[in-house]
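Residue-level structure breakdown
The residues making up each chain are set out below.
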Amino acid sequence: MRIRRPSHRSAHTFLVHVFGRGLDGERYVVERFRSRPDGQIHPVEAGQPRTKKGGRKPRRNVVSASEVKKMKPERDEIIICTALDLKASGLQMWGIQASGLLALRHAR
């Protein structure tokens, strides 16, 4: 018999991976993804301008460093912020479910 720990619904845990020089830049391109229970990751188009048939690609979502610091991913969301003015710099934020930290490793 296993005793289950009570889950804290109000807790908001996420994993942050800083790469390059991190948040030293001024402007960042933000990309959002959702993870599904089967392990697939798909881009989120919410908030992106739609294109007409045969039109241009949607504009990139560019925000300031202060706005990036305020971002928090949902449990199944991955946010990738890449600096425009620094080469290969930025951060990734993974929700607890998307990170796989709570996944059952011994499940059959």
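The notes below deal with the structure included here.

Rules behind the numbers
- Residues numbered from 1 in each chain as written.
- Predicted model: local features only at pLDDT ≥ 70, side-chain atom pairs only at ≥ 80, totals over all residues.
- Heavy atoms only, no water.
- Helix = DSSP H or I, 4+ residues; strand = E, 2+ residues; numbered from the N terminus.
- Buried < 20%, exposed > 50% of the residue type's maximum accessible area, 1.4 Å probe, protein only.
- Contact = heavy atoms within 4.5 Å.
- Areas by Shrake-Rupley, 256 points an atom, 1.4 Å probe, with all protein chains shown as cover.
- Salt bridge = Lys/Arg side-chain N within 4 Å of Asp/Glu carboxyl O.
- Core = buried A, V, L, I, M, F, W, Y, C linked by side-chain atoms within 4.5 Å.

**Concerning the overall build of the protein chain**
Check the secondary structure of the protein chain and you find two helices and six strands. Residue burial in the protein chain is summarised as follows: out of 108 residues, 26% are buried. When contacts within the protein chain are restricted to residue pairs at least 6 apart in sequence, long-range pairs at least 24 apart make up 62% of them. Of the roughly 9100 Å² of accessible surface on the protein chain, a fraction of 50% belongs to carbon and sulfur atoms.

**A short note on the environment of G90**
Along the polypeptide, G90 turns up in strand β6 (residues 90-95). The buried category is assigned to G90, whose relative accessible area is 0%. Sequence separation of G90 and V29 is 61 residues, and the distance between their C-alpha atoms is 9.2 Å. In contact with G90, not counting residues within four places along its chain, are H17, V18, F19, G22, Y28, C81 and A83.

**Remarks on the pattern of salt bridges**
Going through the model one piece at a time under the given rule, you end up with three salt bridges. Salt-bridge contacts for R32 lead to E77; the nearest nitrogen and oxygen are separated by 2.9 Å. In this pair, R32 sits in strand β2 (residues 27-35) while E77 sits in strand β5 (residues 77-83), placing the two residues 45 residues apart along the sequence. Given a relative accessible area of 30%, R32 falls into the partly exposed group. The class for E77 is buried, based on a relative accessible area of 4%. Two residues, D76 and R34, come together in a salt bridge whose shortest N-O distance is 2.7 Å. Of this pair, D76 sits in the loop between α1 (65-70) and β5 while R34 sits in strand β2, and the two are 42 residues apart along the sequence.

**A word on the nonpolar core**
If you look at the biggest cluster of nonpolar residues, it comprises 12 residues: Y28, V30, V63, A65, V68, M71, I79, C81, A83, L86, L91 and M93. Sorting the residues of this core by element identifies β2, α1, β5 and β6 as the ones contributing at least two each. Top contributing element to this core by residue count: β5, with three residues. Filtering out sequence-adjacent residues up to four positions away, V68 remains in contact with L23, Y28, V63, C81, L91 and M93.

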